[in-house]
Amino acid sequence: QVQLVESGGGLVQAGGSLRLSCAASGRTFSSYYMGWFRQAPGKEREFVAAIRGNGGSTYYADSVKGRFTISRDNAKNTAYLQMNSLKPEDTAVYWCAARRSRPISTIQATGVNGYDYWGQGTQVTVSS
């Protein structure tokens, strides 16, 4: 079992940056595949980015590619989402999620149902 706690959300102007953090409990953080998801009002939760346990491979949604960077520090049991060039359409609640095993398909890596543990979410609001 792993517990996830997000932080770093807030209000930022368009074009600005935020860094979200996801602190995980437990001693096996490096074995978890980590993902970030978001949900805007009236929309379904959607995949944002994911990273392998050793940090050697990352995957992004097209909507954030080139602007967001996912990373992790296994020594600190923490995953990050650096968000640059933010747009009003990035406004959403952001969750980090952990998957016990390496995904073997895109659906497993990007689907909400592909993850075993979730944080409580953090609000990101981008003003125009």
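Residues numbered from 1 in each chain as written. Predicted model: local features only at pLDDT ≥ 70, side-chain atom pairs only at ≥ 80, totals over all residues. Heavy atoms only, no water.

> Which parts of the structure should I look at to understand the pairing of strand β3 (residues 18–24)?
Along any regular strand, the residues point their side chains to alternate faces of the sheet. The buried fraction of β3 amounts to 5 of the 7 residues, a majority that puts the element mostly inside the structure. For strand β1 (residues 4–7) and β3, the ladder comprises 4 bridges, and the chain directions are antiparallel. Opposite Glu6, over in β3, you have Cys22 as the bridge partner. (Buried < 20%, exposed > 50% of the residue type's maximum accessible area, 1.4 Å probe, protein only. Helix = DSSP H or I, 4+ residues; strand = E, 2+ residues; numbered from the N terminus. Pairing = 2+ DSSP bridges.)

> Explain the pairing of strand β11 (residues 122–127) to me, please; I cannot follow it from the model alone.
Burial along β11 is one-sided: Thr122, Val124 and Val126 are buried, and none of Gln123, Thr125 and Ser127, which face the opposite way, are. Pairing between strand β2 (residues 10–13) and β11: 4 bridges, direction parallel. Each residue of the ladder has a partner; that of Leu11, found in β11, is Thr125.

> What am I meant to see in the state of the cysteines here?
In the structure shown here, the tally under the stated rule is 1 disulfide. Paired through a disulfide, Cys22 and Cys96 show a sulfur-sulfur distance of 2.0 Å. Between Cys22 and Cys96, the S-S torsion sits near 60°, and that sign places the bridge as right-handed. Within this pair, whereas Cys22 is found in strand β3, its partner Cys96 is found in strand β9 (residues 92–99), the two being separated by 74 residues in sequence. For the pair formed by Cys22 and Cys96, the shared burial category is buried. (Disulfide = S-S within 2.5 Å.)

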